[in-house]
Amino acid sequence: AENYDVGGQNKAYYDNDTENKGNVYRTDRVDIEGDGTSGYKIGYTEAGEWLEYTVNVTQADIYTYEATLSSGSDASSFQLFLDDTAITDTIQVPNTDDWNTYSAITGTTTALTTGSHILKIAITGSYVKIDKIKFTAGTIHITQAEATLVQGPQTFKVYSIQGTFLGSFHTSSFTSLKAELNKSHLNSGVYVV
């Protein structure tokens, strides 16, 4: 994520303040933290900020994205655009309970066309920390569904209908999972567990 386009404020990125809070890797206004060993990440993000990347789409397709990120907030989110057209819905970032604990969120884009484009990451909910976003042509398909009854606590992964990972919930039954989901910040709707 730290390799956004060169061009400056309002051209390649928009950052709400002039201070470079991480002050590593690049010397402009974008807040980057980390190091060459553990990697650099975009941090201290605020709603309304954005970063742009020149990309080359070599195959027209729907793409699967995998975003590696963290957040200590319950309201972090972002959205992806290609040439200023939304290619995803707003992507909710689960609270990873620690700014340095990263999780992967997956989902799919709309159909993309070949050629050179400008990819924009728009921060829609403050305090998401972005390591990277990987794109793979094609969509993820569930080939086999399997249900197993397990005694005791377990982890349930929850996805939107579009395949976006929304978070993990640790509980002992489907009944208590419903209670945990009701306590979360997810909107009412249909989800895949």
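Above this note sits the structure.
Residues numbered from 1 in each chain as written. Predicted model: local features only at pLDDT ≥ 70, side-chain atom pairs only at ≥ 80, totals over all residues. Heavy atoms only, no water.

Q: Residues and numbers for the overall build of the protein chain, please.
A: Of the regular secondary structure elements, the protein chain holds one helix and 14 strands. Buried residues in the protein chain amount to 40% of all 193 residues. Sequence-distant contacts, at least 24 apart, represent 64% of the contacts inside the protein chain between residues at least 6 apart. (Helix = DSSP H or I, 4+ residues; strand = E, 2+ residues; numbered from the N terminus. Buried < 20%, exposed > 50% of the residue type's maximum accessible area, 1.4 Å probe, protein only. Contact = heavy atoms within 4.5 Å.)

Q: Please give an account of the pattern of salt bridges that cites residues and values.
A: What the rule picks out here adds up to five salt bridges. Of the charged contacts, one joins Glu 33 and Lys 129 as a salt bridge, the two residues approaching to 2.4 Å between their closest N and O atoms. With a gap of 96 residues between them, Glu 33 in strand β2 (residues 32–35) and Lys 129 in strand β11 (residues 129–137) connect regions that are remote in the sequence. Both residues of the pair, Glu 33 and Lys 129, belong to the buried class. The closest approach of N and O atoms between Lys 120 and Glu 52, which form a salt bridge, is 4.0 Å. With Lys 120 in strand β10 (residues 115–125) and Glu 52 in strand β4 (residues 50–57), the pair connects residues that are 68 residues apart, well separated along the chain. Here Glu 52 falls in the buried class, since its relative accessible area comes to 13%. Salt bridges linked by common partners bring Glu 52, Asp 84 and Lys 120 together as one network. (Salt bridge = Lys/Arg side-chain N within 4 Å of Asp/Glu carboxyl O.)

Q: Before we move on, can you summarise the packing of aromatic side chains with the specific residues and values?
A: Scanning all chains against the criterion turns up two aromatic pairs. Summarising the aromatic geometry, the rings of Tyr 4 and Tyr 13 are spaced 5.8 Å apart at their centres and angled 75° between planes, so their arrangement reads as edge-to-face. Look at Tyr 4 and you get buried, because its relative accessible area is 3%. Since its relative accessible area comes to 3%, Tyr 13 is described here as buried. On the numbers, 4.5 Å between centres and 35° between planes, the contact of Tyr 25 with Tyr 40 is tilted. Here Tyr 25, found in the loop between β1 (13–14) and β2, pairs with Tyr 40, found in strand β3 (residues 39–42); they are 15 residues apart in sequence, far enough to count as distant. Note that Arg 26 overlies the ring of Tyr 4, its terminal NZ or CZ placed 3.6 Å from the centroid. Over the ring of Trp 50 we find Lys 120, and its NZ or CZ is 4.6 Å from the ring centre. (Phe/Tyr/Trp six-rings, centres within 6.5 Å; stacked < 30°, edge-to-face > 60°. Lys NZ or Arg CZ within 6 Å of the ring centre and 35° of its normal.)

Q: How would you summarise the pairing of β10 if you had to cite specific residues and measurements?
A: In this sheet, β10 lies alongside β4 in antiparallel orientation, the contact comprising eight bridges. Opposite Val 55, over in β10, you have His 117 as the bridge partner. Here strand β6 (residues 77–82) runs beside β10; their pairing, made up of six bridges, is antiparallel. The partner of Ser 77 across the bridge, within β10, is Gly 125. (Pairing = 2+ DSSP bridges.)

Q: Would you mind going over the nonpolar core in detail, with residue names and values included?
A: Core analysis: the biggest nonpolar cluster contains 28 residues, and Tyr 4, Ile 42 and Phe 78 have the highest contact counts within it. Those elements giving two or more residues to this core turn out to be β3, β4, β5 (61–70), β6, β9 (103–112) and β10. Examining the composition of this core, we find that four residues originate from one element, β5, more than from any other. Not counting chain neighbours up to four residues away, the residues in contact with Phe 78 comprise Ala 67, Leu 69, Asp 89, Thr 90, Ile 91, Val 93, Ile 121, Ala 122, Ile 123, Thr 124 and Ile 133. (Core = buried A, V, L, I, M, F, W, Y, C linked by side-chain atoms within 4.5 Å.)

Q: Describe the side chain of Glu 2, naming the residues involved and giving the relevant values.
A: Turning to its location among the elements, Glu 2 is positioned in the segment before β1. Here Glu 2 sits buried without a salt bridge, and the closest side chain of opposite charge, Lys 41, lies 7.9 Å off (N-O distance). Apart from the residues lying within four places of it in its own chain, the contact partners of Glu 2 are Tyr 25, Arg 26, Ile 32, Tyr 40, Ile 42 and Asp 131. (Lys, Arg positive; Asp, Glu negative; His and termini not counted.)

Q: Describe unusual backbone geometry, and please don't skip the residues or the numbers.
A: Despite not being glycine, Tyr 25 has its phi angle at roughly 70°, a positive value. Residue Tyr 44 is not a glycine yet carries a positive backbone phi of 55°. Relative to the helices and strands, Tyr 44 is located in the loop between β3 and β4. Judged by its relative accessible area of 41%, Tyr 44 is partly exposed.

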